[in-house]
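Residues per chain, in single letters:
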Amino acid sequence: MVADAGSVVAAVPLPALLVSRDERIVSANEEALTLLGRAIEGRHFITALRQPQIIEAVEAAFRDGKPARARYLSNDGRQDTSFLVFARPLTEGTTPGVLVCLEDETHRAHAEQMRRDFVANVSHELKTPLTALIGFIDTLRGPARTDPAAQERFLSIMESEAGRMNRLVSDLLSLSRVEAEERVRPTARVEMRGLVAGVVRAFETLAGDAGVTIETELPPEDIEIIGDTDQLRQVLWNLIENAVKYAGRDATVRVMLTGPGYEAKVRGHGVRLRIADTGPGIDPIHIPRLTERFYRIDTHRSREKGGTGLGLAIVKHIVNRHRGRLFVESTPGQGTEFTVVLPVG
């Protein structure tokens, strides 16, 4: 009798268990045993499902003979987990009782939290320059109406804040496009040596103004890979721009391209792009979070230099689209090196 019920419970593709009329667990599938414990069969369901809202749902299913639901919150040792629990009465068959199934919705809860965080971050990033613009407009209409020097100063600040909002919106649009295309592999051929050289040339003026020297180490021959030229240019631009901006005066930025050769990280032939600087370096505590949206090591300094906090997030998604790998190595006081490994084909 129990074996028949057990075979049905075992076939459910979610953690599932059957609670009999005497409120004991008569059967549990492998997923439920992994989640709730190996010795739950034969025990009162309250000892396995200890959370009040689940106990109430099971008791309601027994009492009313109608389906009930609740949430089960747990932790798998790495993160908090969330399950939607369904309790459905079984009134027919040889083992009447309540079938309890748990649907893992951790990924949905995580996605929803990311959405809320994203909206909050965007709102915060836009609110600051908007507040400044509104304040300066009021000042120009009032106390500074007849003060040309103040007008020029405020207009300059307003231009800077408007530019900051424009960069943020551009990066948000870019991130949205990259995320939309992340699962679509590029099909065009890209000549990497010329691409790297062209981006480095575009930074000569900015690097000179910042007092930074850019050195390149490129192979003598052309290197072609399968990729998206515009997106790979964006990767180079973001990484080199960060190095030039944050390395500090009198620092050196080295842009190196090697390959093609076997790269274990992409399980095949690939090229390796490295951007290293001799700047102040990054505390290891920050490295795992560098590619998160809006994550900044020094928020004030980043905003002063025009950063939006989205550049490395965009880099990560582009590298993922190319089935590549991104690595960061840094030692405080000794500089930082970003490495991008890209498959050739």
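Residues numbered from 1 in each chain as written. Predicted model: local features only at pLDDT ≥ 70, side-chain atom pairs only at ≥ 80, totals over all residues. Heavy atoms only, no water.

**Description of the overall build of the protein**
Right, on to step 1. Within the protein one finds eleven helices and twelve strands.
Right, on to step 2. Rg of the C-alpha trace for the protein: 29 Å, well past the compact-globule value of 20 Å for 345 residues, more than 25% over.
Right, on to step 3. In terms of overall dimensions, the protein has a C-alpha envelope of 85 × 65 × 40 Å along the principal axes.
Right, on to step 4. Going through the 345 residues of the protein one by one, you find that 41% of them count as buried.
Right, on to step 5. Relative to all contacts within the protein whose residues are 6 or more apart in sequence, the contacts with residues 24 or more apart total 57%.
Right, on to step 6. In the structure as shown, the protein presents an accessible area of about 18900 Å², 52% of it carried by carbon and sulfur atoms.
Right, on to step 7. Side chains of the protein carry 44 positive and 47 negative charges; the gap between the two charge centres is 2 Å. (Helix = DSSP H or I, 4+ residues; strand = E, 2+ residues; numbered from the N terminus. Rg over C-alpha atoms; globule rule 2.2 N^0.38 Å. Buried < 20%, exposed > 50% of the residue type's maximum accessible area, 1.4 Å probe, protein only. Contact = heavy atoms within 4.5 Å. Areas by Shrake-Rupley, 256 points an atom, 1.4 Å probe, with all protein chains shown as cover. Lys, Arg positive; Asp, Glu negative; His and termini not counted. Charge placed at Lys NZ, Arg CZ, Asp CG, Glu CD.)

**Digging into the nonpolar core**
Right, on to step 1. Judged by nonpolar contacts, the single largest core of 43 residues is most densely connected at M192, I225 and I240.
Right, on to step 2. In terms of residue count, helix α9 (residues 229-247) provides more of this core than any other element does, seven residues in total.
Right, on to step 3. Not counting residues up to four positions away in its chain, the partners in contact with I240 are V199, V200, F203, I214, V255 and I275. (Core = buried A, V, L, I, M, F, W, Y, C linked by side-chain atoms within 4.5 Å.)

**A short note on the sheet that holds strand β1 (residues 16-20)**
Right, on to step 1. With antiparallel pairing, five strands are arranged side by side in an open sheet as β2-β1-β5-β4-β3. Sheet topology places β2 (25-28) and β3 (68-75) at the edges, where each strand pairs with a single neighbour. Each adjacent strand pair in this sheet contributes to an overall mean axis angle of 25°, direction not counted.
Right, on to step 2. Sheet strands in contact with helix α4 (residues 52-64) are β1, β3, β4 (80-90) and β5 (97-104), and its direction is about 155° off that of β3. (Pairing = 2+ DSSP bridges. Axes fitted to C-alpha atoms, helices over the stretch in contact; angles between N-to-C directions.)

**Focus: the packing of helix α7 (residues 192-202) against α9**
Right, on to step 1. In the contact formed by α7 and α9, the axes pass within 10 Å of each other and the chain directions differ by 45°. Accordingly, the angle class assigned to the pair α7 and α9 is oblique. Classified by chirality, the crossing of α9 by α7 is right-handed. In this structure, α7 contributes M192, L195, V196, V199, V200 and A202 to the contact, and α9 contributes T229, L232, R233, L236, W237 and I240.
Right, on to step 2. By residue class, the composition of the contact of α7 with α9 is ten nonpolar, one polar and one charged. (Parallel < 35°, antiparallel > 145°, perpendicular 65-115°, else oblique. Left-handed = near helix turned anticlockwise from the far one by under 90°. Nonpolar A, V, L, I, M, F, W, Y, C, P; charged D, E, K, R; others polar.)

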